Amino acid sequence: MYTVLLIFQVVICTVLVGLILIQKGQGADIGAVFGGGGSQTVFGARGAGNFLSHTTAVIGAVFFLNSLGLAYLSDHSSSNVLSGIALPSTVPMTTAAPVSAAPTQSVATTAGLAAAAVSSASAGKPLATP
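Residues numbered from 1 in each chain as written. Predicted model: local features only at pLDDT ≥ 70, side-chain atom pairs only at ≥ 80, totals over all residues. Heavy atoms only, no water.

In the nomenclature of an unreviewed UniProt entry, the protein chain is known as Protein-export membrane protein SecG of Acidithiobacillus ferrivorans SS3. According to the UniProt record, the Function (unreviewed entry) comment for the protein chain reads "Involved in protein export. Participates in an early event of protein translocation." (UniProt positions renumbered as here; feature names shortened; annotations may be inferred.)

Given below as structure tokens:
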């Protein structure tokens, strides 16, 4: 339905632009005052303004009503932009089991190993680990 109204909107717009372009402007009436141009019009000297202006008004009203219909359908359509996107599921977060603490060395032991490594490196002996 939306596609049909959209194509109809383009056709109405094209017809409306054509009707507006074939109408004569306000300045064209000055030539008719002196007797020129009345015999060269398609709809006669007076009929063109009334026929084209009424037709333009009717086509303009159809254009506006069709625009309102398209706006309503685009707002209340069942599909939307996010319909093709998979949203993340709402799985509750589980708490992880507590990790047992790894045995740690005391600062004094670590400092002692570092000092032993420096003294072993300077003496050329391999490093002894406790």
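Let us keep going from here.
Caption draft 1: Fine view of the UniProt feature "transmembrane region" (unreviewed entry) in the protein chain. In the UniProt entry, the feature "transmembrane region" (unreviewed entry) is given for residues 51-73. A helix fraction of 100% and a strand fraction of 0% characterise residues 51-73, whose end C-alpha atoms lie 33 Å from each other. (Helix = DSSP H or I, 4+ residues; strand = E, 2+ residues; numbered from the N terminus.)

Caption draft 2: Focus on the packing of aromatic side chains. Under the definition given, this model contains one aromatic pair. Geometrically, the ring pair formed by Phe-63 and Phe-64 is edge-to-face, given 5.8 Å between the ring centres and 70° between the ring planes. (Phe/Tyr/Trp six-rings, centres within 6.5 Å; stacked < 30°, edge-to-face > 60°.)

Caption draft 3: Seen up close, a nonpolar patch on the surface. A contiguous nonpolar patch, built from Ile-7, Val-11 and Val-15 and spanning about 260 Å² of accessible area, is present on the exposed surface. Within the secondary structure, Val-11 sits in helix H1 (residues 2-22). Given a relative accessible area of 46%, Val-11 falls into the partly exposed group. (Patch = residues over 30% accessible without salt bridge, like charges linked within 9 Å, V, L, I, M, F, W, Y side chains within 5 Å. Areas by Shrake-Rupley, 256 points an atom, 1.4 Å probe, with all protein chains shown as cover. Salt bridge = Lys/Arg side-chain N within 4 Å of Asp/Glu carboxyl O. Buried < 20%, exposed > 50% of the residue type's maximum accessible area, 1.4 Å probe, protein only.)

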